[in-house]
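Given next are the chains, with one letter for each unit.
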Amino acid sequence: MSSSLLDVSNEDVRRIQSLAPEPPRVGIVLGSGLSALADAVDDAIEIPYPELASYPGVGEVVGHAGRLLVGTVSDVPVVLFSGRVHQYQGASALEAAFPARMAAALGCEVLLLTNAAGAVVPRLATGDIMLITDHMNLMGTNPLTGWPGPEGGNPFVPMSDAYDRDLQDLARAVATSQDVALQEGVYAGLLGPCYETPAEVAMLRTLGADVVGMSTVPEVIAARALGLRVMGLSLVTNAAAGEDLSHDEVLEAGKRASVVLTRLVLGILERL
Ligand code: HPA
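Residues numbered from 1 in each chain as written. Predicted model: local features only at pLDDT ≥ 70, side-chain atom pairs only at ≥ 80, totals over all residues. Heavy atoms only, no water.

Quick word on the overall build of the protein
Then comes step 1: Helix and strand content of the protein: seven helices and nine strands.
Then comes step 2: A compact globule built from 272 residues should have a C-alpha radius of gyration of about 19 Å, and the protein, at 17 Å, falls within 12% of that.
Then comes step 3: C-alpha atoms of the protein, sized along the principal axes, occupy 45 × 40 × 35 Å.
Then comes step 4: Counting only residues that meet the buried cut, the protein has 55% of its 272 residues in that class.
Then comes step 5: Partitioning the contacts of the protein with sequence separation of at least 6, the portion at a separation of at least 24 is 83%. (Helix = DSSP H or I, 4+ residues; strand = E, 2+ residues; numbered from the N terminus. Rg over C-alpha atoms; globule rule 2.2 N^0.38 Å. Buried < 20%, exposed > 50% of the residue type's maximum accessible area, 1.4 Å probe, protein only. Contact = heavy atoms within 4.5 Å.)

Below you can see the structure in the form of structure tokens.
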């Protein structure tokens, strides 16, 4: 049982801190096929995930290149996680929350998460960018299980404002200024790795989900427990349970829309 959510290797933290031009303020997690933002990091120092003792070493899936970068984006010192650890790879929820735990250990105040997701509702189309306003944890696990809570506290972390309202307003304002039609909605996190059946997608729609994916939820929960403010952006890469749905389709859609998503994130960072 883990007593500390922060439990990342001190050696990793010291190494990253010594390489970073300034202490990172914002952690950014890039989802499947969304690695273009990594090219926007100025003075980037890169560490492949396997070089980090804290990194949960589970098999990589094609398109999930794993590396951590420190540097600045729009003059904001950031730590960028290009690729993440998924529970469908066999990682625990705590391990899947690695970027949130590392960002907190490095002293970040904000965690900005991106992901690829399938549309559950007909109003969302492939290529849309959706601001996550809330989530449903349908993964059957939680990164806080066994966690006794912070010093003298309890593990019952409030989640009513998991996605920071001021950051949501900022994302809306930047999207408007860039003429980006920013969608909004609820992200349902499922364990995967198989995609959903049509019956499951109908269930998710009935429950009130707008998109479905296999990440983000453990990171958000851990981030909130560690006091970080969270923003989440989903890139709609397909219709959930769409015909001939393939991982390649998800990666391809990610590549195409990542230009818009990258510009949006740069604009958000400029105004943080
Ligand atoms: N389902 C679950 N996860 C996903 C999907 C999907 O349709 N698309 C991208 N990630």
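Let's talk about the nonpolar core
Then comes step 1: Counting 48 residues, the largest nonpolar core has Ile16, Leu52, Leu68, Phe81, Met102 and Leu111 as its most contacted members.
Then comes step 2: Secondary structure elements with two or more residues in this core: helix H1 (10–19), strand E3 (67–73), strand E4 (76–82), helix H3 (98–105), strand E5 (110–119), strand E6 (129–138), helix H6 (217–225) and strand E9 (229–239).
Then comes step 3: Per element, the largest residue contribution to this core is six residues, and it comes from H6.
Then comes step 4: Ile16 has contacts with Ile47, Leu52, Leu68, Val70, Met102 and Leu106, leaving out every residue within four places of it along the chain.
Then comes step 5: Val26, Leu34, Leu131 and Val180 belong to the second-largest nonpolar core, a separate cluster that totals 32 residues. (Core = buried A, V, L, I, M, F, W, Y, C linked by side-chain atoms within 4.5 Å.)

Some words on the packing of aromatic side chains
Then comes step 1: A full pass over the atoms with the stated rule returns four aromatic pairs.
Then comes step 2: Measuring from centroid to centroid gives 4.6 Å for Tyr49 and Tyr55, while their planes differ by 20 degrees, and the two rings are stacked.
Then comes step 3: The exposure class of Tyr49 is buried, given its relative accessible area of 1%.
Then comes step 4: Aromatic side chains Tyr55 and Phe98 sit 5.7 Å apart centroid to centroid with 80 degrees between the ring planes, which places their arrangement in the edge-to-face category. Residue Tyr55 is located in the loop between strand E2 (42–48) and E3, and its partner Phe98 is located in helix H3; the two are separated by 43 residues in the primary sequence. Neither Tyr55 nor Phe98 differs from the other in exposure class; each is buried.
Then comes step 5: Pairwise contacts between aromatic rings join Tyr49, Tyr55, Phe81 and Phe98 into one cluster. (Phe/Tyr/Trp six-rings, centres within 6.5 Å; stacked < 30°, edge-to-face > 60°.)

Overview of the site of the ligand
Then comes step 1: The ligand sits among 13 residues. The nearest are Ala116, Gly118, Glu196, Gly213 and Asn238.
Then comes step 2: Asn238 has a polar side-chain atom sitting 2.7 Å from a nitrogen atom of the ligand.
Then comes step 3: For the ligand, whose unbound accessible area comes to 260 Å², protein coverage reaches 95%.
Then comes step 4: Within the residue set of the shell around the ligand, elements represented by two or more residues are E5, strand E8 (211–213) and E9.
Then comes step 5: With three residues, E5 is the largest single contributor of residues to the shell around the ligand. (Near = heavy atom within 4 Å. Polar contact = N/O pair within 3.5 Å; in protein donor to acceptor, adjacent residues only side chain to side chain. Areas by Shrake-Rupley, 256 points an atom, 1.4 Å probe, with all protein chains shown as cover.)

Some thoughts on the side chain of Gln178
Then comes step 1: As for its position among the elements, Gln178 is in the loop between helix H4 (165–177) and strand E7 (182–190).
Then comes step 2: Here Leu264 takes part through its backbone nitrogen, which lies 3.5 Å from a polar atom of the side chain of Gln178.
Then comes step 3: Non-local contacts of Gln178, meaning those with residues more than four positions away in its chain, are made with Arg263, Leu264 and Gly267.

Focus on unusual backbone geometry
With the exception of glycine, the majority of residues adopt a negative phi angle, and the majority of peptide bonds are in the trans configuration.
Then comes step 1: The omega angle of the peptide bond from Gly192 to Pro193 is 0 degrees, so this bond is cis rather than trans.
Then comes step 2: Positive phi values are uncommon outside glycine, yet Asp179 reaches one of about 60 degrees.
Then comes step 3: You can call Asp179 exposed: its relative accessible area is 73%.
Then comes step 4: Positive phi outside glycine occurs at Thr216, with the angle close to 70 degrees.
Then comes step 5: Mapped onto the secondary structure, Thr216 falls in the loop between E8 and H6.

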